[in-house]
Amino acid sequence: MDTQERALATLDEDMLVQLTQDLVRIRTINPPGDEAKAATFVADWMKQNDMPAELVSHAEDGRASVVGGLDGQGERRAVLFSGHLDTVPAGDNWVHEVLAADIDDGKIWGLGTTDMKAGVAAMLMAMRAVKQSGAILKGNLLFAGTAGEEIESMGAQELVREQKLDDVGFMVIGEPTGNRVITAEKGVLWLELRAKGQTSHGSLPHLGVNAIAHMSRLLEALQAEEIPYETHPLLGDFTMNIATIEGGVKTNVVPDACRVTIDTRTVIGQDHQQILDTVRQLIDRLCAEDPTLHIEVRSINERIPLDIPFDDPYVQTFVRQRDLVTGDTSVPTAATFATDGSVFVPAYDAPMVICGPGLPEKAHQPNEYVEISRLVESARIYTLAALDLLT
Ligand SMILES: [Zn+2]
């Protein structure tokens, strides 16, 4: 038996399914997150399987990430397997119990199966398989289980800041792709607009300053504005969604405050600062027309867009193993969603692929599931890719 066969032989399907179920059953809904329980579980699991692991606590109570991995000989840069531990809130209309991780119809059902505890479980099992194969690794094989990805990648940012991951040369993000390889992702820029006015009695509106009316003028101007960008071959177009609005006290009071949040998704070549400047210029223009208008804008979440060259040697090695396991041929593909890659790629100046067993269309949806066959497939892909990249 060669190393690859030895590694694959240790990928026990029941153990992989059990690990996925165990992770799904730990509630990590973000907000508030509560990832510490899952991070502790993962750290314990890794240690039980002879892999060093470290819990990295974050400032907020109950929140932690986990890092660990296998030591290599230092001849190659490390390969990082990464997945987030948090999930979005469940929403309504679930048929299966949200956190029960029931098995039915060849699938594991539950919140966070597809996005992305299945990916985390498959990565951990792949690392265990590499370990048990006895392969001598030329570089470290690392795992990062991160907190807070669903909002601002708080965990990934802290792992970078605290230098918990050394010399990463390539990373695999196990977000749901149906085991396709994705090498590009859109950027994110969330804006918060705050208008300030002055209250007065609703019957005497001329004595007040209406913050909602001012906000609505800015929103109209913003929608009429052409934010410059070039359509990207994989990422497509820049998009903007006016997402939330709050304001007003009572029907008979002139509102003195209005808050709006806007979700923009950016493509390669766009400068986030320039988008902010454009909004500020619009505010200045409106303010010149009406000096009582007072609106401030700030960024509340930001991730850069990524487009990793498909012919990068690391990417090609991963693709070769993925195509061998699945029998398909990978083509350059983009994600519309953002991942922790937007934090790790610039931090380590290293390429990445996104590839995981979940289905992207099942993420952030009721009745989320992962197919067990794809789960097993992803663990095989990760195992063979790690061996190819590091031996
Ligand atoms: Zn995700």
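What you see is a predicted model; the values in this text were computed from it and never measured.

### Focus on the overall build of the chain
Right, so step 1: Along the chain, the regular secondary structure elements total 10 helices and 16 strands.
Right, so step 2: The C-alpha radius of gyration computed for the chain amounts to 23 Å, which stays within 12% of the reference 21 Å derived for 391 residues, consistent with globular compactness.
Right, so step 3: In terms of principal-axis extent, the alpha carbons of the chain reach across some 85 × 45 × 35 Å.
Right, so step 4: Split into buried and exposed, the 391 residues of the chain put 49% on the buried side.
Right, so step 5: Taking the intrachain contacts of the chain between residues at least 6 apart in sequence as the baseline, contacts between residues at least 24 apart amount to 81%.

### A few points about the nonpolar core
Right, so step 1: The biggest cluster of nonpolar side chains holds 92 residues, and the ones touching the most others in it are Leu124 and Leu142.
Right, so step 2: Per-element accounting of this core gives the leading share, 12 residues, to helix α4 (residues 113-133).
Right, so step 3: Counting contributing residues per domain, this core is built from domain 1 (3-185 + 305-390) and domain 2 (187-301), each supplying no fewer than three.
Right, so step 4: Sequence-distant contacts of Leu124, that is, excluding residues within four places in its chain, are made with Leu19, Val42, Trp45, Met46 and Phe143.

### A word on the sheet that holds strand β5 (residues 107-109)
Sheet strands line up and pair through hydrogen bonds in the backbone, either parallel or antiparallel.
Right, so step 1: Strands sit in the order β4-β5-β16 across an open sheet of 3 strands; the sheet is antiparallel. The open sheet is flanked by β4 (103-104) and β16 (369-371), the only strands paired with a single partner.
Right, so step 2: Pairing analysis gives 3 bridges linking β5 to β16, with the strands arranged antiparallel. When the bridges of β16 are listed, Ile108 appears paired with Val370.
Right, so step 3: Helix-sheet contacts for α4 involve β5 and β16, and the interaxial angle to β16 is about 50 degrees.
Right, so step 4: On top of the sheet, helix α10 (residues 372-390) reaches β5 and β16; it is set at about 65 degrees to β16, its chief contact.

### Considerations on the packing of helix α8 (residues 313-326) against α10
When two helices pack together, you describe them by how their axes are tilted relative to each other and by the distance separating the axes.
Right, so step 1: Close contact between α8 and α10 brings their axes to 9 Å; oriented N to C, the two are set at 140 degrees. When the interaxial angle is binned, α8 and α10 end up oblique. Considering the relative orientation of α8 and α10, their crossing is right-handed. Contacts from Tyr314, Thr317, Phe318, Gln321, Arg322, Val325 and Thr326 in α8 reach Glu377, Arg380, Ile381, Leu384, Ala385, Asp388 and Leu389 in α10.
Right, so step 2: Grouping the amino acids of the contact of α8 with α10 by side-chain chemistry returns 7 nonpolar, 3 polar and 4 charged.

### Points about the domain arrangement of the chain
Right, so step 1: One can read the domain layout of the chain as domain 1 (3-185 + 305-390) and domain 2 (187-301).
Right, so step 2: The gap between the C-alpha centroids of domain 1 and domain 2 is 37 Å.
Right, so step 3: If you look at the interface, domain 1 gives 9 residues, while domain 2 gives 9 residues.
Right, so step 4: Looking at the side of domain 1 that touches domain 2 residue by residue, the classes come out as 5 nonpolar, 2 polar and 2 charged.

### Concerning the sheet that holds strand β1 (residues 53-57)
Right, so step 1: Overall, mixed pairing links the 6 strands, which are arranged β1-β2-β6-β3-β7-β15 in an open sheet. Strands at the two margins of the open sheet, each flanked by one partner only, are β1 and β15 (352-354). Neighbouring strand axes in the sheet, compared pairwise and without regard to direction, differ in orientation by 20 degrees on average.
Right, so step 2: Where strand β7 (residues 168-173) lies against β15, 3 bridges are found, and the strand directions are parallel.

### What about helix α2 (residues 13-24)?
Residue pairs three or four apart in sequence face the same way in an α-helix, which turns once every 3.6 residues.
Right, so step 1: Under the 1.5 Å per step criterion, the end-to-end length of α2 is 17 Å for 12 residues, consistent within 8% with the ideal 16 Å.
Right, so step 2: All of the buried residues along α2 are Leu16, Leu19, Thr20, Leu23 and Val24. Projected down its long axis, α2 carries its buried residues within an arc of 135 degrees, all on one side.
Right, so step 3: On its buried side, α2 packs onto α3 (36-48), β5, α4 and α10.

### Structural notes on the packing of α2 against α4
Right, so step 1: Interaxial distance between α2 and α4 falls to 9 Å at its minimum, and their mutual angle equals 135 degrees. As the angle between them shows, α2 and α4 are arranged oblique. In this structure, α2 meets α4 at a crossing whose hand is right-handed. Judged by residue contacts, Met15, Leu16, Leu19, Thr20, Leu23 and Val24 of α2 engage Thr113, Lys117, Ala118, Val120, Ala121, Ala122, Leu124 and Met125 from α4.
Right, so step 2: Considered class by class, the residues forming the contact of α2 with α4 number 11 nonpolar, 2 polar and 1 charged.

### Side note on helix α6 (residues 211-224)
Right, so step 1: Helix length check: α6, at 14 residues, gives a terminal C-alpha distance of 20 Å against a target of 20 Å (1.5 Å per residue), a fit within 8%.
Right, so step 2: Listed in full, the buried residues belonging to α6 are Ala211, His214, Met215, Leu218 and Leu222. Viewed along the axis of α6, the buried residues span an arc of 100 degrees, placing them on a single side of the element. Relative to its buried face, α6 has exposed residues pointing more than 90 degrees away, namely Glu220, Gln223 and Ala224.
Right, so step 3: Considering only its buried residues, α6 is in contact with β9 (187-196), β10 (239-247), β11 (257-266), α7 (272-289) and β12 (294-303).

### A short note on the pairing of strand β6 (residues 141-146)
The side chains of a regular strand alternate, first on one face of the sheet and then on the other.
Right, so step 1: Of all the 6 residues making up β6, 6 are buried; the element is thus mostly covered by neighbouring parts of the structure.
Right, so step 2: Burial of β6 is two-sided: the residues Leu141, Phe143 and Gly145 facing one way and the residues Leu142, Ala144 and Thr146 facing the other way are all buried.
Right, so step 3: As judged from the 5 bridges shared by strand β2 (residues 64-70) and β6, these two strands associate in the antiparallel manner. Note on β6: the bridge partner recorded for Val66 is Gly145.
Right, so step 4: Where strand β3 (residues 78-84) and β6 come together, 6 bridges link them in parallel fashion. Residue pairing in the sheet places Ser82 in a bridge with Ala144 of β6.

Thresholds applied
- Residues numbered from 1 in each chain as written.
- Predicted model: local features only at pLDDT ≥ 70, side-chain atom pairs only at ≥ 80, totals over all residues.
- Helix = DSSP H or I, 4+ residues; strand = E, 2+ residues; numbered from the N terminus.
- Rg over C-alpha atoms; globule rule 2.2 N^0.38 Å.
- Buried ≥ 20, exposed ≤ 12 C-beta atoms within 10 Å, placed from the backbone.
- Contact = placed C-beta atoms within 7 Å.
- Core = buried A, V, L, I, M, F, W, Y, C linked by C-beta atoms within 7 Å.
- Domains from an automatic or database assignment.
- Pairing = 2+ DSSP bridges.
- Axes fitted to C-alpha atoms, helices over the stretch in contact; angles between N-to-C directions.
- Parallel < 35°, antiparallel > 145°, perpendicular 65-115°, else oblique.
- Left-handed = near helix turned anticlockwise from the far one by under 90°.
- Nonpolar A, V, L, I, M, F, W, Y, C, P; charged D, E, K, R; others polar.
- Expected span 1.5 Å × (residues − 1).
- Arc of directions from axis to C-beta.

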